Amino acid sequence: MNTKLHAVTDQNGRPLSFFMTAVQVSDYIGAAALLDSLPMAQWMLEDRGYDADWFRDALEEKGIKPCIPGRKSRGKPVKYDKRKYKRRNRIEIMFGRLKDWRRVATRYDRSPTVFFSAICLAATLMFWL
């Protein structure tokens, strides 16, 4: 079974919350699940997979400015701050550091619950040490 991990991080790239879905599930499911756990922030950096009008509206209702580039198939281009979007590499670095843990990178655990527990343990130890 393959899974996709959705994460919310702080401005320094430290994970705050996770949500795991199956690979074939849309990114919108992960976005909706993590929407209530978002901390107070000025900006939210996301990749193109999270580009939806309802998600942008939900972020703006929370007082968060979305920095999400538009999908290629979007008819009307969306403006976003390209300088701020370059800071998204911190999120990718966090995922890379999670994969430094061999158990997470190679997916030894076949059960999604056990695998998710390994991810949470790795994230806790990674940023606690």
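Note that the structure is predicted; figures quoted are calculated from it, not measured. (Residues numbered from 1 in each chain as written. Predicted model: local features only at pLDDT ≥ 70, side-chain atom pairs only at ≥ 80, totals over all residues. Heavy atoms only, no water.)

1. Some details on helix α1 (residues 27-34)
As a reminder of what qualifies: Think of it in three bands: residues with accessible area under 20% of the maximum for their type are buried, residues over 50% are exposed, and the middle band is partly exposed, with areas taken using a 1.4 Å probe on protein chains only. To qualify as a helix, a DSSP run of H or I must reach at least 4 residues; to qualify as a strand, a run of E must reach at least 2; elements of each kind are numbered from the N terminus. Arc definition: directions from the helix axis to the C-beta atoms. We call two residues contacting when some pair of their heavy atoms lies within 4.5 Å. Definition of a polar contact: a pair of N or O atoms within 3.5 Å, with one able to donate and the other able to accept a hydrogen when the atoms are protein atoms, and with sequence-neighbouring residues admitted only if both atoms are side-chain atoms.
For α1, the set of buried residues is Asp 27, Gly 30, Ala 31 and Leu 34. One side of α1 holds all its buried residues, which, seen down the axis, span an arc of 100 degrees. Considering only its buried residues, α1 is in contact with β1 (3-9), β2 (15-22) and α2 (53-61). At the N-terminal end of α1, a side-chain oxygen is found 3.2 Å from the backbone nitrogen of Tyr 28, two or three residues along, and the residue is Ser 26.

2. A look at α2
Among all positions in α2, only Phe 55, Arg 56, Ala 58 and Leu 59 are buried. In an axial view of α2, the angular spread of the buried residues amounts to 160 degrees, which keeps them on one side of the axis. Counted as exposed and oriented over 90 degrees from the buried face of α2: Glu 60 and Glu 61. In this fold, the buried residues of α2 make contact with α1, β3 (43-45) and β4 (65-67). Directly after α2, the chain includes Gly 63, whose backbone phi takes a positive value near 85 degrees.

3. Let's talk about the pattern of salt bridges
Applicable threshold: The term salt bridge refers to a pairing of a side-chain nitrogen on Lys or Arg with a carboxyl oxygen on Asp or Glu at a separation within 4 Å.
The final tally for this structure, using the stated rule, is 9 salt bridges. Asp 10 is the salt-bridge partner of Arg 14, the closest N and O atoms lying 2.8 Å from each other.

4. A look at the nonpolar core
Definition in use: For our purposes a nonpolar core is just a set of buried Ala, Val, Leu, Ile, Met, Phe, Trp, Tyr and Cys residues, chained together by side-chain atoms within 4.5 Å.
Counting 13 residues, the largest nonpolar core has Leu 35, Leu 38, Met 44, Phe 55, Leu 59 and Ile 64 as the members making the most contacts within it. At the level of elements, α1 and α2 are the ones that each hand at least two residues to this core. The greatest single-element share of this core, amounting to 3 residues, is contributed by α2. Met 20, Val 104, Phe 115 and Ile 119 belong to the second largest nonpolar core, which has 12 residues in total.

5. Side note on the UniProt feature "domain: Transposase DDE" (unreviewed entry) in the protein
Test applied: UniProt positions are given in the numbering used here, feature names are shortened, and annotations may be inferred rather than shown by experiment.
Sequence positions flagged by UniProt for "domain: Transposase DDE" (unreviewed entry) are, in local numbering, residues 44-126. The straight-line gap between the two end C-alpha atoms of residues 44-126 is 23 Å; of that span, 52% is helix and 6% is strand.

6. Observations concerning the side chain of Ser 17
Structurally, Ser 17 can be placed in strand β2. A relative accessible area of 17% places Ser 17 in the buried class. Reaching out from Ser 17, the side chain makes a polar contact with the side chain of Ser 37 at a distance of 3.3 Å. Leave out the neighbours within four places in its chain, and Ser 17 touches His 6, Ala 7, Val 8, Leu 34 and Ser 37.

7. Describing the pairing of β1
The condition that has to hold: The rule for pairing is simple: two strands pair if DSSP sees at least two bridges between them.
Of the pairings in the sheet, the one linking β1 to β2 comprises 7 bridges and is antiparallel in character. In the strand pairing of β2, His 6 is matched with Phe 19. Hairpin remark: β1 followed by β2, antiparallel, with 5 residues in the connecting loop; positive phi at Gly 13, about 85 degrees.

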